[in-house]
Amino acid sequence: MSETTSNPTSATNNNNQTAVVDKYNVETAEILANEAQHLPISEAVPIYEQLLTVFPTAAKYWRQYLEAQMAVNNDEATKQIFSRCLLNCFQIPLWRCYIRFIRKVNEKKGVEGQEETRKAFDFMLNFVGADIASGPVWMEYIAFLKSYPAQTTQEESQRMTAVRKAYQKAIVTPTHHVEQLWKDYENFENSVSRALAKGLLSEYQSKYNSAKAVYREQKKFVDEIDWNMLAVPPTGTSKEEMQWMAWKKFLAFEKGNPQRIDSNSSNKRILYTYEQCLMYLYHYPDIWYDYATWHARNGSIDAAIKVFQRASKALPDSDMLRYAYAELEESRGAIQPAKKIYESLLGDGVNATALVHIQFIRFLRRTEGVEAARKYFLDARKSPNCTYHVFVAYAMMAFCLDKDPKVAHNVFEAGLKRFMHEPGYILEYADFLSRLNDDRNIRALFERALSSLPPDESVEVWKRFTQFEQTYGDLASMLKVEQRRKEALSRTGEDGTTALESSLQDVVSRYSFMDLWPCSSRDLDHLARQEWLAKNINKKVEKSAILKGVGSTEKSASGFTTNSNPATKVFYPDTSQMVVYDPRQKPGTGALPSTTAPVLPSISGTLSNPSVPMVSSRPANPLDEILKSTPPALVAFIANLPAVEGPSPDVDVVLSICLQSNVSTGQTGLSTQLAAGPVPSTSDLSGSSKSHPIPSGSSFKPMRDRQPGKRKDLDRQEDDETATAQSLPLPRDVFKIRQIRKARGGTTSQTGSASYGSAFSGELSGSTG
């Protein structure tokens, strides 16, 4: 019953995690966005609002939303949407959508409308003019300025001046179109005045070259960034890490001021890069913190505070950012704003964590004094979420500031009534008493704690108690505490009797200090290894005793007692009984039966008794099936074969049987498979037009033992096209055939069978590998 009952708390946590994952599901968001494009605006608005609530920096969804509103000429709704997204999404396509809307609205307003459009261009370029993709925006702006009406010479001069300034700003900005803008600027200046153009172009040539060089370097960083990625909480995937690294490198590049421009322009580009980064790494607290601290280091405290405020809204559950925000406020003397941040962390106080209580106590002590901190501690200790950490923090703060241990001692004693079951609290209290050199109360504390703590939770307390006795006690008390420790902890482990025994490790523990040991590191490792082996060996014995019913063990080569599990035992051959293989060896000639290969039964016997296996480890059923489909003449031939007396029968006897058997002359070889698969044809072994004679078994020697003259004779025999298998005696066994083929490097099919070809030609046609 208990196995099927689920934990409601864990189920709730899993549901919350699933909800978070589903909330930021990118595939689902893309499906919704595609569906919204085909819906009427009234039905699409809720979908867009839902998407943009989850992905507030997704510029592509904002642009899609805006284009849907612009398609139905809903200008008021479009303006409201622009006011919500423009200053948070620095993306060129979105801003170009904005300028299209402004030009559309003002196209029928004449001069006044053109002036509004010019202001909109200036507003846009002030924010996104430094973007590497802003080249088309500069071109569109310059084209707009050139089309600006000029009725008088003064207006014409003003227009030319405005166009020149726009060009000069554009050509010093590293963009994809910087080279095209430079060519357009040259043409513009030459069309106005060639004499003036020479001086202006020479002045801006070096600035343009610098911008072009920086663009080439900047493009390397920009190309690593995925500009279509949605801002989702980090999950640790490799893609997310690569994007984080790409943005970090891009920010470091911009902070280095590669173009060597003035600090204001450089800071503006860095700010723009941070804002772009937050569009994609919106849920990364380290990016928000870096952005705020960058502002603070540059003296823009107000800007840093605004970044922290935005970060608090973006990541409301990030206590790290709120602590950093409160720290910034406190550092500039804004105590009340900092206190409000701490109060927001505390909430109603019921759900506040122990860490928040501790940090607020410290904040009150720094800003309002010890008395304010004491008053808050008296309230905080009543909280259901107040842990022993709050007592320890306040007690140590009071001890360090008041220089009087009485208050701290009272706090520790008050906490001991609630946290006697916490080993961590006992150790902290013992440390405090050690500072006071109060050895009597330390002993009393350890005795009280160890009498109430369960053995499995008292390991660290016992360890500290033994260390205490090593410092304050005599040898008798030290050994007594160690023995008590062993007795207490032996009840928690399976090796109780072993734990009670004294070991050399006890001596090492008693006579070591900090990182000083009474033995070498090698000895220490050896002792640790021995202890580990002893514990694990005992565990293995107990497990095997349960499986076998008896505790039988074996002595391993290392000298430790081991046990073999019958369920996982591996059987190894007895190598001491192995002998060298000799193909001429016959059963019963002195070799052990278990050390030789299984003896093949007589083929004729096999035919008469199909239940006998061909090889002792193989079943007989496949052979029965083969024999059923074998022609009668072949069956008669096989039945006349003599009993096998080794790896293969006598070849001369086989040939004589072949010549006496009534086998069809149209058959080129035995096409049966006894156990090894298809048999290759004669050409597979001997070549397309050659038949290679094979030396007899009596004349065969390994290649390394042959003389050069004999090697030439062998090669001459191989090249003799008139030689046949009948002109030379065949080898006596398959083993020698294998050796010959290996020495020749022949490419035979290694199927493990040896079948012979035509009974009339005597050619070797089977695979011999």
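Draft legend 1. Representation of the nonpolar core within the structure. Counting residues in each nonpolar core, the largest one holds 157 residues, and the members touching the most others are Phe55, Tyr61, Tyr185 and Trp288. Apart from the residues within four sequence positions on either side, Tyr61 is in contact with Ala29, Glu30, Ala33, Tyr48, Leu51, Leu52, Phe55 and Leu230.

Draft legend 2. Layout of the confidence of the model for the chain. Of the residues in the chain, 68% have a pLDDT of 70 or more, and the chain-wide mean is 78. Mean pLDDT in the chain bottoms out at strand E2 (residues 561-562), which sits at 38, and peaks at helix H14 (residues 285-297), which reaches 97. A low-confidence stretch, residues 716-728 stays under pLDDT 50, and its non-local contacts, those more than four residues away or across chains, total 17 contacts. For residues 746-769, every residue scores under 50 in pLDDT, and the model assigns this stretch 63 contacts once sequence neighbours within four places are set aside.

Draft legend 3. The packing of helix H16 (residues 319-331) against helix H17 (residues 335-346), seen in detail. Relative orientation of the contacting elements H16 and H17 amounts to 160°, with a least axis distance of 7 Å. With respect to H17, the axis of H16 lies roughly antiparallel. Relative to H17, the crossing made by H16 is left-handed. Counted together, Asp319, Arg322, Tyr323, Tyr325, Ala326, Glu329 and Glu330 of H16 and Ile335, Pro337, Ala338, Ile341, Tyr342, Ser344 and Leu345 of H17 form the full contact between these two elements. Classifying every residue of the contact of H16 with H17 gives 9 nonpolar, 1 polar and 4 charged.

Draft legend 4. Just the packing of aromatic side chains, in detail. In total, this model carries 50 aromatic pairs according to the counting rule given. Pairing Tyr282 with Trp288 gives two aromatic rings, centres 5.8 Å apart and planes at 70°, and the pair type is edge-to-face. In terms of burial, Tyr282 and Trp288 fall into one category: buried. In this structure an aromatic cluster arises from ring pairing among Phe377, Tyr388, Phe391, Tyr394, Phe399, Phe412, Phe419, Tyr425, Tyr429 and Phe432. Residue placement shows Lys207 over the ring face of Tyr204; its charged tip is 4.7 Å from the ring centre.

Definitions and cut-offs
- Residues numbered from 1 in each chain as written.
- Predicted model: local features only at pLDDT ≥ 70, side-chain atom pairs only at ≥ 80, totals over all residues.
- Heavy atoms only, no water.
- Core = buried A, V, L, I, M, F, W, Y, C linked by side-chain atoms within 4.5 Å.
- Buried < 20%, exposed > 50% of the residue type's maximum accessible area, 1.4 Å probe, protein only.
- Contact = heavy atoms within 4.5 Å.
- pLDDT = per-residue confidence, 0-100.
- Helix = DSSP H or I, 4+ residues; strand = E, 2+ residues; numbered from the N terminus.
- Axes fitted to C-alpha atoms, helices over the stretch in contact; angles between N-to-C directions.
- Parallel < 35°, antiparallel > 145°, perpendicular 65-115°, else oblique.
- Left-handed = near helix turned anticlockwise from the far one by under 90°.
- Nonpolar A, V, L, I, M, F, W, Y, C, P; charged D, E, K, R; others polar.
- Phe/Tyr/Trp six-rings, centres within 6.5 Å; stacked < 30°, edge-to-face > 60°.
- Lys NZ or Arg CZ within 6 Å of the ring centre and 35° of its normal.

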